[in-house]
Amino acid sequence: MKILTTEDAIKTELIEKRGLSLIPTMGNLHSGHLSLVKGAKKYNLKTIATIFVNPLQFGPNEDFNRYPRTIESDIKKLEKIDCDYVFIPEIDFAKNLEIIKAPSISLELCGKNRPGHFDGVLTIINKIFSVILPTKAFFGLKDYQQFILIKEFAKVNFPGIQIFGLPIIREKDGLAMSSRNNLLSRDDRKVAPLIYESLTWIKKNINKLSNEDLIKFSTENLKKNNFEIDYLGVYDISNLKEINNFKESALIAIAAKLGNVRLIDNIIITNDNT
Ligand code: AMP
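Quick caveat, the model's predicted, so the values are computed rather than measured. (Residues numbered from 1 in each chain as written. Predicted model: local features only at pLDDT ≥ 70, side-chain atom pairs only at ≥ 80, totals over all residues. Heavy atoms only, no water.)

Peer 1: Quick question: what am I supposed to make of the pattern of salt bridges here?
Peer 2: Where charged atoms from two side chains of opposite charge come close, those side chains can pair. With the rule as written, the count across this model stands at 12 salt bridges. What emerges from the salt-bridge pattern is a single network uniting Glu-108, Lys-112 and Lys-241. (Salt bridge = Lys/Arg side-chain N within 4 Å of Asp/Glu carboxyl O.)

Peer 1: I tried to follow the nonpolar core on my own but got confused; where do I start?
Peer 2: Side chains of nonpolar character tend, in soluble globular proteins, to be buried together. Grouped together as the largest cluster of nonpolar side chains are 45 residues, with contacts concentrated most on Ile-48, Phe-129, Ile-132 and Ile-163. Every element with two or more residues in this core is listed here: helix H1 (7-14), strand S2 (20-25), strand S4 (85-87), helix H5 (117-132), strand S5 (136-140), helix H6 (144-157), strand S7 (228-235) and strand S8 (249-258). It is H5 that provides the largest number of residues to this core, a total of 9 residues. Those residues in contact with Ile-48 that sit more than four places away from it in its chain are Ile-10, Leu-14, Leu-20, Ser-21, Leu-22, Ile-23, Tyr-85, Phe-87 and Ile-132. Membership of the second largest hydrophobic core comes to 25 residues, among which are Leu-184, Val-234, Leu-258 and Ile-267. (Core = buried A, V, L, I, M, F, W, Y, C linked by side-chain atoms within 4.5 Å. Buried < 20%, exposed > 50% of the residue type's maximum accessible area, 1.4 Å probe, protein only. Helix = DSSP H or I, 4+ residues; strand = E, 2+ residues; numbered from the N terminus. Contact = heavy atoms within 4.5 Å.)

Peer 1: Can you walk me through the side chain of Asn-211 in this structure?
Peer 2: By the secondary structure assignment, Asn-211 is in helix H9 (residues 211-224). Setting aside chain neighbours within four positions, we find Asn-211 in contact with Ile-206, Val-234, Ile-243, Asn-244, Asn-245 and Phe-246.

Peer 1: Got a minute to help me understand the site of the ligand in this structure?
Peer 2: The environment of the ligand is made up of 16 residues, and the closest members are Met-26, Gly-140, Asp-143, Ile-169 and Met-177. Within the backbone of Met-26, one N or O atom sits 2.9 Å away from an oxygen atom of the ligand. Side-chain polar atom of Asp-143 to an oxygen atom of the ligand: 2.6 Å apart, as the coordinates give it. Isolated, the ligand exposes 490 Å² of accessible area, and the fraction of that covered by the protein chains is 92%. Looking at the shell around the ligand, the elements with two or more residues in it are S2, helix H2 (31-41) and S5. Top element by residues in the shell around the ligand is H2. It accounts for 3 residues. Class assignment for the residues of the shell around the ligand results in 9 nonpolar, 5 polar and 2 charged. (Near = heavy atom within 4 Å. Polar contact = N/O pair within 3.5 Å; in protein donor to acceptor, adjacent residues only side chain to side chain. Areas by Shrake-Rupley, 256 points an atom, 1.4 Å probe, with all protein chains shown as cover. Nonpolar A, V, L, I, M, F, W, Y, C, P; charged D, E, K, R; others polar.)

Everything listed here is a matter of geometry and, on its own, says nothing about what the molecule does.
Laid out in structure tokens, this is it:
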């Protein structure tokens, strides 16, 4: 695997390469990230992962400074699964960029308590796409709102890039894999699987109870277990507005804090899999 750290290196190394598959990450890689590389490799194109903790998507009181950084082991993990390139730029990569203003969907869910977060995400994605110009780019459905925003952004601004959303990879106890799981205290780690249990319980009962009751009971249960809920609800899969009656499809999504660690998760349900 070739390690590239500058835009010049990208230009020299990749200028002749047509058909790259891109996997953007912020590092501290786990099996969720690696599943994206493995998914990308199925298309028989060269794969390029990026590792960059993007300062633009963190608010002033968020965890940019304590976000886990494990570059050496990240590189080993990528080498082991035969990723072809990894791009690890310096912090200057995020300087003097054209700021992308995310559309109104960015104001729902995570956008409500993280103002500017998705502007930061799209601004860096715009830069990464412009520098690397991949043919395909792979994202996790764990960050569902991010995924649909990037998909829409690419449709207009980078129509040559095909955007893929791949399934959420979980720990054995159901907790969605996340770099932030490492920041949980031992006790919080024990109760963290309740997030996914709540989502699956809502899914199971979606045709039996009103959405209002489903959310009320789950919220009470989570609060009893020390979760501070940012949002929990049943949402339209396209515009992310809360829906009261489940018809054909829905996104059940949550963001909640345990201690000072913010976790997100979701399940998409359709009529065929309820
Ligand atoms: P991050 O490093 O958190 O920015 O994540 C980089 C990419 O990995 C994003 O597209 C995430 O949605 C994806 N990702 C993170 N965790 C998981 C997971 N548990 N399963 C699948 N994809 C994931």
